[in-house]
Structure formats: C-alpha cells, structure tokens
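Coordinates in review
Given next are the chains, with one letter for each unit.
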Amino acid sequence: MPTFSSSEIEEAKRRVREMQSRADSYVSGGKAQEKENIPNPHKENIKKQNETEMPVRNEDSSSDDSFMTILLLLIILSHEGADNKLLLALLYLLL
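Residues numbered from 1 in each chain as written. Predicted model: local features only at pLDDT ≥ 70, side-chain atom pairs only at ≥ 80, totals over all residues. Heavy atoms only, no water.

**Details of the overall build of the chain**
In terms of helices and strands, the chain carries 4 helices and 0 strands. In the chain, the succession of helices and strands from N to C terminus is α-α-α-α. Burial status across the chain gives 5% buried among its 95 residues. Split by element, the accessible area of the chain, about 9100 Å² in all, is 58% carbon and sulfur. (Helix = DSSP H or I, 4+ residues; strand = E, 2+ residues; numbered from the N terminus. Buried < 20%, exposed > 50% of the residue type's maximum accessible area, 1.4 Å probe, protein only. Areas by Shrake-Rupley, 256 points an atom, 1.4 Å probe, with all protein chains shown as cover.)

Dropping the structure here:
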C-alpha cells in the first residue's frame, strides 16, 4: 500500500474542497448552500403530499391494449404450434 506524505494529503484535501465548491456553484447557481441550515419548502411540501396521498394504480388504456395484444398473440401462436419457450415468455410478460 503506497504511503503519502502530509503535504500530499493536504494537497488532496485542498483539491477536494475546490471540486466541492465548484460543484456547489453549478448546483446552487453560484451560491454555496448548506442543506442543513437552509430549509427547502418545496421538499417539505412533497414530503407532506406523500404522507397524505394513497398510491393510486394507473389504469390507462395503453396498458390494457398491451395486455390484449399479448394475449391475442399468445392465442394465435399457440394454435399455430409455436415454440413453448416463446409462449412461456409471452405469458411472463402478462404477469
């Protein structure tokens, strides 16, 4: 395992701090912010919203269309004598 001198370690720390300040300037638009000290009201609103709302299953016609298409394809292919692995793969898609 390589050993590093204290000056090399200090140089690495300085470069890390410099990269972090550059990253902060890109993320915060030039203002270095500490996440612990500055509350984010948008984040709190999302948190409250997630706590109060129940998850809703999205039932749209595109998923129903896909289900029916795969099911019809299964029926047609099974009557045509398709490979069983293909039929099982299509059945797996329906799960």
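After that view of the structure, there is still more to cover.
**Let's talk about the pattern of salt bridges**
Tallied over the full model, the rule gives 4 salt bridges. The residue E10 makes a salt bridge to K13 at a minimum N-O spacing of 3.7 Å. Placement of both E10 and K13 in helix α1 (residues 6–27) is noted, with a separation of 3 residues, approximately one turn of the helix. Among the ionic pairs, E18 bridges to R22, the shortest N-O distance being 2.7 Å. Taken together, the residues span about one helical turn, with E18 and R22 both in helix α1 at a distance of 4 residues. What makes E18 partly exposed here is its relative accessible area of 32%. Among the charged side chains, a network of salt bridges with common partners joins E11, R14, E18 and R22. (Salt bridge = Lys/Arg side-chain N within 4 Å of Asp/Glu carboxyl O.)

**Observations regarding the nonpolar core**
One finds I70, L74, L87, L90 and L94 forming the largest nonpolar core, which totals 5 residues. Elements represented by at least two residues in this core include exactly α3 (61–79) and α4 (84–94). The element that contributes the greatest number of residues to this core is α4, accounting for 3 residues. Contact partners of L74, with chain neighbours within four places excluded, come to L87, L90, L91 and L94. (Core = buried A, V, L, I, M, F, W, Y, C linked by side-chain atoms within 4.5 Å. Contact = heavy atoms within 4.5 Å.)

**Section: a nonpolar patch on the surface**
A contiguous nonpolar surface patch, about 430 Å² in accessible area, is contributed by F67, M68, L71, L72 and I75. Mapped onto the elements of the fold, M68 is located in helix α3. (Patch = residues over 30% accessible without salt bridge, like charges linked within 9 Å, V, L, I, M, F, W, Y side chains within 5 Å.)

**Quick look at the confidence of the model for the chain**
Overall, the prediction assigns the chain a mean pLDDT of 75, with 63% of residues at 70 or greater. Within the chain, the lowest mean pLDDT, 57, falls on helix α2 (residues 41–52), and the highest, 90, falls on α4. Contacts of residues 32–36 to residues separated by more than four positions or lying in other chains number 3 contacts, the stretch itself having pLDDT below 50. (pLDDT = per-residue confidence, 0-100.)

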